[in-house]
Amino acid sequence: MGTEASASAVDLLRSQIPFQTDGELVLPQRGVGLVLVDLCNGFCTVGAGNLAPVAPNKQIEKMVGEAARLAKLFCDRNWPIFAFLDTHYPDKPEPPYPPHCIIGTGEENFVPDLQWLEKEPNVTVKRKSCIDGYISCIEKDGSSIFADWVGKYQIKTVLVLGICTDICVLDFASSTLAARNIDRVPPLQDVVIYSEGCATYDLPVEVATNIKGALAHPQDLMHHIGLYMAKGRGAKVVDRVVVEP
C-alpha cells in the first residue's frame, strides 16, 4: 500500500471510530507517577533486533524524545517513575512474536537516551517477561510490586508512555484500570496515556504477506486503534503534558 493509500485508510478509520482526547494534563505537585513501558533497544533502536525498527522512524523517535523529556522533569523533582523493560529467557518464547529482548543481547536494556535512569533513586525498574506489565508485577504470594509502588508514593494518577500503543501499553492500562475498579491499587484514580509519548511498530501489509505467519501492522492505523481501545477501557488520553505553575 502506497503512502497516499495508507493515509486514506487511516483517515477512514478515524472517521469511523473517532475519539476526543482529554486535552492537556497539568501535572500536580504530588500524587502523580510516570510509567515508562519498554523504552528498550529491542523495540526502539534501529537494527537492534527482530522487533526493532529497520530504519529511522519518526513516531518512535518522538516517543523516545518525549519520554526523556518527562523522565528528566520527574527526576529533577524527585517524583516517582516506574519503568518496564521487556526481558526474556531464550527458552521461553512469546508467540506470535519472534525472539526478542533476550537477556544478555542488549536488546533488553534502556535506549541510549534513557540509560541514565538506572542510577536515579526515584526510579523503579521492573524487567517483565510478558506483554502485560501489570501481570508481570504479581508475585507468587499474590503481592504486587506495582501496587506496592502506587501505595508507597500515594499515587492517584499514573502517566503512561511507551511502546507499543496497541499491545504492551494497552494491556498495562487495561489491567491497571480493572485492578483499580476492584480496589487492588489504592489510592489510584486515573490512568492517563500520553499519545505523543507512545508509538507502535510498522509492518505494512505488502511486507507482511511475504512473511509466513506475520500479521500486517500499519503503524499509524494501529496507534489510533490502541488509543481508541484504551479510551474504551476507561483510560484518559492526552496530547499535551505540562507542569502545574
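Everything discussed here concerns the structure shown above.
So, here's what we can say about the structure. (Residues numbered from 1 in each chain as written. Predicted model: local features only at pLDDT ≥ 70, side-chain atom pairs only at ≥ 80, totals over all residues. Heavy atoms only, no water.)

**Things to note about the overall build of the protein**
Along the protein, the regular secondary structure elements total eight helices and eight strands. By the compact-globule yardstick of 18 Å for 245 residues, the protein fits well, its C-alpha radius of gyration being 17 Å. With the principal axes as the frame, the protein shows a C-alpha extent of 50 × 45 × 35 Å. Counting across all 245 residues of the protein, residues that qualify as buried make up 47%. Within the protein, residue pairs in contact and separated by at least 24 positions form 77% of the contacts whose partners lie at least 6 positions apart. Approximately 12,100 Å² of the protein is accessible, and the part contributed by carbon and sulfur atoms is 53%. Averaged over its 22 positive side-chain charges, the protein has a centre that lies 5 Å from the centre of its 30 negative ones. (Helix = DSSP H or I, 4+ residues; strand = E, 2+ residues; numbered from the N terminus. Rg over C-alpha atoms; globule rule 2.2 N^0.38 Å. Buried < 20%, exposed > 50% of the residue type's maximum accessible area, 1.4 Å probe, protein only. Contact = heavy atoms within 4.5 Å. Areas by Shrake-Rupley, 256 points an atom, 1.4 Å probe, with all protein chains shown as cover. Lys, Arg positive; Asp, Glu negative; His and termini not counted. Charge placed at Lys NZ, Arg CZ, Asp CG, Glu CD.)

**Topic: the sheet that holds strand E4 (residues 123-128)**
Ordered by their spatial adjacency, six strands build an open sheet running E4-E3-E2-E5-E6-E7, and the pairing between neighbours is parallel. The open sheet has two edge strands, E4 and strand E7 (236-238), and neither has a second partner. Between one strand axis and the next, the sheet turns through 25 degrees on average, direction left out of account. When strand E2 (residues 32-37) meets strand E5 (residues 157-163), the two strands line up parallel, connected through six bridges. Bridging from a neighbouring strand, Gly-33 pairs with Val-158 of E5. (Pairing = 2+ DSSP bridges. Axes fitted to C-alpha atoms, helices over the stretch in contact; angles between N-to-C directions.)

**Some details on the pattern of salt bridges**
One pass over the structure, following the stated rule, counts nine salt bridges. One salt bridge connects Arg-240 with Glu-24, and the closest N-O pair in it is separated by 3.5 Å. Placement of the pair is Arg-240 in strand E8 (residues 240-243) and Glu-24 in strand E1 (residues 24-27), with a sequence separation of 216 residues. Here Lys-62 ties to Glu-196 by a salt bridge, and the two come within 2.5 Å at their closest N and O atoms. You can see Lys-62 sitting in helix H3 (residues 58-76) and its partner Glu-196 sitting in strand E6 (residues 190-199), a full 134 residues away along the chain. Look at Lys-62 and you get partly exposed, because its relative accessible area is 44%. The exposure class assigned to Glu-196 is partly exposed, which follows from its relative accessible area of 27%. Salt bridges sharing partners connect three or more residues here, namely Glu-24, Asp-239 and Arg-240. (Salt bridge = Lys/Arg side-chain N within 4 Å of Asp/Glu carboxyl O.)

**Some thoughts on the nonpolar core**
One finds Val-35, Phe-146 and Leu-159 to be the most contacted residues of the largest nonpolar core, which totals 68 residues. Here the element with the most residues in this core is H3; it accounts for ten residues. When sequence neighbours within four positions are dropped, the list of residues in contact with Val-35 reads Phe-82, Phe-84, Phe-146, Trp-149, Val-158, Leu-159, Val-160, Leu-161 and Phe-172. (Core = buried A, V, L, I, M, F, W, Y, C linked by side-chain atoms within 4.5 Å.)

**Structural notes on the packing of aromatic side chains**
Taken as a whole and judged by the stated rule, the model has nine aromatic pairs. A ring pair is formed by Tyr-134 and Phe-146, whose centres lie 6.1 Å apart and whose planes are at 75 degrees; its orientation type is edge-to-face. Within this pair, whereas Tyr-134 is found in helix H4 (residues 133-136), its partner Phe-146 is found in helix H5 (residues 145-152), the two being separated by twelve residues in sequence. The exposure class assigned to Tyr-134 is buried, which follows from its relative accessible area of 9%. A connected cluster of aromatic rings, assembled from ring pairs, spans Phe-82, Phe-84, Tyr-134, Phe-146, Trp-149, Tyr-153 and Phe-172. Above the face of the Trp-79 ring, Arg-77 is positioned so that its terminal group lies 5.7 Å from the ring centre. (Phe/Tyr/Trp six-rings, centres within 6.5 Å; stacked < 30°, edge-to-face > 60°. Lys NZ or Arg CZ within 6 Å of the ring centre and 35° of its normal.)

**Structural notes on the side chain of Glu-108**
Relative to the helices and strands, Glu-108 resides in the loop between strand E3 (81-86) and E4. The buried charged residue Glu-108 lacks any salt bridge partner; its closest oppositely charged side chain belongs to Arg-127, at an N-O distance of 5.0 Å. Residues in contact with Glu-108, not counting those within four places in the same chain, are Cys-40, Leu-85, Asp-86, Thr-87, Cys-101, Ile-102, Ile-103 and Arg-127.

**Describing the environment of Phe-146**
Overall, the relative accessible area of 0% leaves Phe-146 in the buried class. Separated by eleven residues in sequence, Phe-146 and Ile-135 place their C-alpha atoms 9.4 Å apart. Beyond its immediate chain neighbours, meaning those up to four positions away, Phe-146 contacts Val-35, Phe-82, Tyr-134, Cys-137, Val-158, Phe-172, Thr-176 and Val-185.

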